[in-house]
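Observations on chain architecture
As a plain string of letters, each chain reads:
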Amino acid sequence: MLYFSRLKMILIWLAVAVTVILAAPNLFPASTLAQLPSWVPKRQMTLGLDLQGGSHILLQMDQNDLIKDQLETTRDEIRTLLREAKINYTGLSGTGRTVQVRISDQSQVDAAKAALKPITNPVNAGLFTGGSVQSMTLDDSEPGLLKFTVTDAGLKYRTTTALSQAIEVVERRVNALGTTEPIVQRQGDDRILVQVPGLQNPQRLKDIIGQTAKLTFQMVDTSMPVQDAMKGRPPAGDSILYSQDDPPVPYLVENRVIVSGEDLSQATPTYNSQTNEPVVSFTFNSRGATRFGQATQQNVGKPFAIVLDNQVISAPVIREPILGGTGQISGNFTAESANDLAVLLRAGALPAKLTIIEERTVGPGLGQDSIHAGKIAGVIGSILVVAFMFVAYGFLGFLANVALAVHVAMIVGALSLLGATLTLPGIAGIVLTIGMAVDSNVLIYERIREERRNGRSVIQAIDTGFSKALATIVDSNVTSLIATVVLFFLGTGPVKGFAITYAIGILTTVFTAFTFTRMLVAIWLRRARPKELPRAPVTFIPPGTKIPFMGIRRWTFALSSVLSILSVVGFLTIDINYGIDFKGGSMIEVQSKQGDADLGDIRNRLSELNIGEIQVQQFGAPNDVLIRVGTQDAGENAEQTVIDKVRGELQDQYDFRRVEVVGPTVSGELAKQGTIAMLIALVGILLYVWFRFEWQFAVGAIVATVHDVVMTIGFFVISGLEFNQSSLAAILTIIGYSLNDTIVVYDRVREDLRKYKKMPLPQLLNNAINETLSRTTLTSVTTSLALLALVLFGGEVIRSFTLAMLFGVVFGTYSSIFIAAPLLILFKLRPQSATAEETKPTNGKAVTT
């Protein structure tokens, strides 16, 4: 395995050079790269919204709006068709998903059915179904009564087409704000995801994309005073609408629409030449200009209302016919609000109301702080791991560190090439893989040392070490990869960024540790021709340890059982500190503009807003504050109202660095997804281990992993750390890490089972654990060093994630030794009646006779 042909070495060095070239642009600012020749790679990693700032908003289309609109259209169509057919009717009304009408003359029922047949005709759905869809059905079971009901297929078709239209409208609105590289895409059957990086004013974005912007021009009914209509009942065909003034002014408005926003061809913000006030100038298309001209000719001296989303913007009096097809909309506009209205009118109205069900906004200041914290944690973690590897393995540790540098370059290069998004948890994933990347090197080096102690020559020991470690490296990394893939498909946002980074790190680890390191060692062997392996400055675990781990298995089982029971009882009786991801609500991070934050003052001011449960706490520095507001009973829109109230109360003294809002719909889905992710990961790992080993190994690995998960949940209960999506990512990563450790022990157990066919199982397990003890300990130390750097320097945002990971690494190491291995005795992997017919050499290793 140590022979490398010239071609193979060239290909390996070429692969390393390509990744370094792909990663290099990330070291330079974009302005510098722009000056380089066009053939030089310039693609950099895409920073997530949590690093560069921006807004992530998830919108849900209100299907009730679509049904309501369908019923109104159907009522109007029934009224028109029956009048044209001169058929008398009564009781035309709509409720739920049904419109009904009673035909006055029983003899005209068949004629009415024929006249109304176009309503139930199939709609050409085009690419939607490849055919047609019947959107309405007719029920005439009751004599004289015709009921038209919206079908499920019709509603689904209408939702799909409306969502496509809404995406186009939202795209036009967002692009009109002048933002760079916004993302607007469909998510599911009735949702739209909007991501806008580098946004300075997230509230304006929400106002722009959340407004239906249905513009209509309607006549004001002056036949009776509006106050009389408010006291009684408005005349048929009229509605009472209110202005946007404070206090709002009521108007009695005819329901008949003269022209609508669909008839506009242009809308621009400008200033009134007489008053110099901001206004919106508009131009109708030919149809709109004709209809508007006719209406103004017929109603000179009467007021008409310009209505936006059922609110009267203005109600000017028609002084003279307006025949040019142009006009102005005036109101209490600022320059920005006039521009926003023009944007809405140009983009068109939304086909239905869009509700914000999830919002995550990060200010650019917090993003820069997160990048800075990530860089510091990465540098310190790397230094600690590099120093430890050199101390533990000397020159071989130096070669491992070279491979580690290539490993990091390959991650960055792959992220740049794929255009993947780097998030703050993604930075944590890179730092974590730095600690875990050396695991494969430790596994190989420890095996090399063991083979050398068993009497093999240096070259034979190295060759055997690499060949025997390969299967273990593959098995341990595949189990981690299974958990990571599950996390990628079921995670969202920054958590998915962590999964991408971590998965790339797992794949590059196999290349750098096994192929690249092996090539470096082969070059060193050929040039140095060493007589002995390089000595390490420090020996952490002396060779030939004989710790009787199985002798205390009953004590460790008892300890783990007690701790697991306490964790479960604590979870059931003590409220775990769920984040808004799982219980809904709002989380706001603010920073005082001057001096330290006054928590008591913030708490008192917010308590007066009547927004429910409030938690205010210091978040890192004395001028940083984290505010949590409980979920609102009034639904999704109430969550946004909370943010508006808090912003209005605190924005004069505090900068809003981060805003996260998760409505009850999304929080329930995230909790469900988290549970499914855990189960899928465990089942996937169970199947893989069962395929690679015997059933006892698979069940033992899962029991040990569940033990680690339970312990970690108990840690969250006791510590009070927030349990959010990142915490779930930590648990899934712990599952992978714990299995990684367990697989290494199990792989040695499987090897020893073949070698020592009659050795009692407890003795064999002691032997296997002692043989892998150095690897288990050193890997745990390197991973813990990287995580410790993240805990201390990675910032408050990911602290719960990194603390949980650190705890999980410690317990994962414990369970692989004291839980996973002893379970094989419990599952009777080898009958205890087997007696040792082995001889033991002086070096403490058993051999068959």
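Residue numbers restart at each chain and count upward from 1, following the sequence in its written direction. With pLDDT at 70 or above as the cut-off, local features in this predicted model cover only qualifying residues; side-chain atom pairs require 80 or more to be listed or tallied, and sums for whole chains, interfaces and linings still use all residues. Hydrogens and water molecules were not included; the side-chain quantities draw on all heavy atoms of the structure.

At least two bridges found by DSSP between two strands is the condition for calling them paired. Think of it this way: any DSSP run of H or I at least four residues long counts as a helix, any run of E at least two long counts as a strand, and we number them from the N terminus. Here we have eight strands laid out as an open sheet, ordered β9-β10-β2-β19-β24-β21-β23-β22, and antiparallel in their pairing. The open sheet is flanked by β9 (183–187) and β22 (614–619), the only strands paired with a single partner. Direction aside, the axes of adjacent strands within the sheet are offset by 20° on average. Alignment of strand β19 (residues 354–362) against strand β24 (residues 654–662), held across five bridges, turns out to be antiparallel. Angles here are taken between N-to-C directions and fall from 0 to 180 degrees, while the axes themselves are lines fitted to C-alpha atoms, restricted in helices to the stretch in contact.

Attention now moves to the packing of aromatic side chains. Classification of ring pairs uses Phe, Tyr and Trp, with its six-membered ring standing for Trp, and accepts pairs whose centres are within 6.5 Å; under 30 degrees between planes counts as stacked, over 60 as edge-to-face, and the remaining range as tilted. Taken as a whole, this structure holds 24 aromatic pairs when the rule is applied. Considering the side-chain rings of Phe217 and Phe282, the 5.5 Å spacing of their centres and the 55° angle between planes classify their relative orientation as tilted. You can see Phe217 sitting in strand β11 (residues 215–220) and its partner Phe282 sitting in strand β15 (residues 278–284), a full 65 residues away along the chain. You'll find Phe217 and Phe282 in the same group, each marked buried. Through a chain of ring-to-ring contacts, three or more aromatic side chains come together here, namely Phe549, Tyr578, Phe715, Phe716, Phe723, Phe807, Phe811, Tyr814 and Phe818. Both a distance and an angle decide whether a charge sits over a ring: NZ of Lys or CZ of Arg must be within 6 Å of the ring centre and within 35 degrees of the ring normal. Positioned over the ring face of Phe656 is Arg647, at 4.8 Å from the centre of the ring. Throughout this description, buried means an accessible area under 20% of the type-specific maximum (1.4 Å probe, protein chains only), exposed means over 50%, and partly exposed covers the range between.

With that settled, consider the nonpolar core. Residues belong to a common nonpolar core when they are buried Ala, Val, Leu, Ile, Met, Phe, Trp, Tyr or Cys residues joined through side-chain atoms within 4.5 Å. By size, the foremost hydrophobic cluster in this structure holds 147 residues, and its most contacted members are Ile462, Val689, Phe697, Ile735 and Val749. The element that contributes the greatest number of residues to this core is helix α25 (residues 799–826), accounting for 16 residues. When checking whether two residues touch, look at their non-hydrogen atoms; a contact exists if any pair is within 4.5 Å. Excluding residues that lie within four positions of it along the chain, Ile735 makes contacts with Met678, Leu682, Ile685, Thr705 and Val709. By size, the runner-up hydrophobic cluster in this structure holds 51 residues, among which are Leu205, Ile258, Ala267 and Ile329.

Before going further, it helps to spend a moment on the packing of helix α8 (residues 202–210) against helix α20 (residues 636–650). Where α8 meets α20, the axes come as close as 12 Å, and the angle between the chain directions of the two elements is 145°. Here α8 runs over α20; the crossing is left-handed. Listed contacts from α20 to Pro202, Gln203 and Lys206 of α8 are Gln640, Ile643, Asp644 and Arg647. Any residue outside Ala, Val, Leu, Ile, Met, Phe, Trp, Tyr, Cys, Pro, Asp, Glu, Lys and Arg is labelled polar, Gly included; the first ten of those are nonpolar and the last four are charged. Residue classes in the contact of α8 with α20 are distributed as two nonpolar, two polar and three charged. Rotating anticlockwise by less than a right angle from the far helix to the near helix defines a left-handed crossing, while the corresponding clockwise rotation defines a right-handed one.

What follows covers a nonpolar patch on the surface. Like-charged residues within 9 Å of one another, or nonpolar side chains (Val, Leu, Ile, Met, Phe, Trp, Tyr) within 5 Å, are grouped into patches, provided each residue has over 30% relative accessible area and no salt bridge. The accessible surface values rely on the Shrake-Rupley method and a 1.4 Å probe; as for residues, cover is taken only from the protein chains in view. The working definition used for a salt bridge is a side-chain nitrogen of Lys or Arg within 4 Å of a carboxyl oxygen of Asp or Glu. Taken together, the side chains of Leu7, Leu11, Leu14 and Val18 make up a nonpolar region of the molecular surface, amounting to roughly 380 Å² of accessible area. Inspection of the secondary structure assignment puts Leu14 in helix α1 (residues 6–23).

The pairing of β22 with strand β23 (residues 621–629) spans six bridges and is antiparallel. Each residue of the ladder has a partner; that of Gln615, found in β23, is Arg628. With antiparallel pairing between neighbouring strands as the criterion, β22 and β23 make up a hairpin whose turn holds one residue, including Gly620 at a positive phi of roughly 85°.

Okay, helix α10 (residues 286–298) next. Expected helix span is taken as 1.5 Å per residue step, with the number of steps being one fewer than the number of residues. Helix length check: α10, at 13 residues, gives a terminal C-alpha distance of 19 Å against a target of 18 Å (1.5 Å per residue), a fit within 8%. Taken residue by residue, α10 has Gly288, Ala289, Phe292, Gly293, Ala295 and Thr296 as its buried positions. Projected onto a plane normal to the axis of α10, the buried residues spread over an arc of 165° and lie on a single side. Residues of α10 that are exposed and angled more than 90 degrees away from the buried face: Ser286 and Gln298. As for α10, its buried residues are in contact with β11, β13 (250–260), β15 and β16 (304–308). What the arc covers is the set of directions going from the helix axis to the C-beta atoms.

Read these as layout, nothing more, since geometry by itself doesn't imply function.
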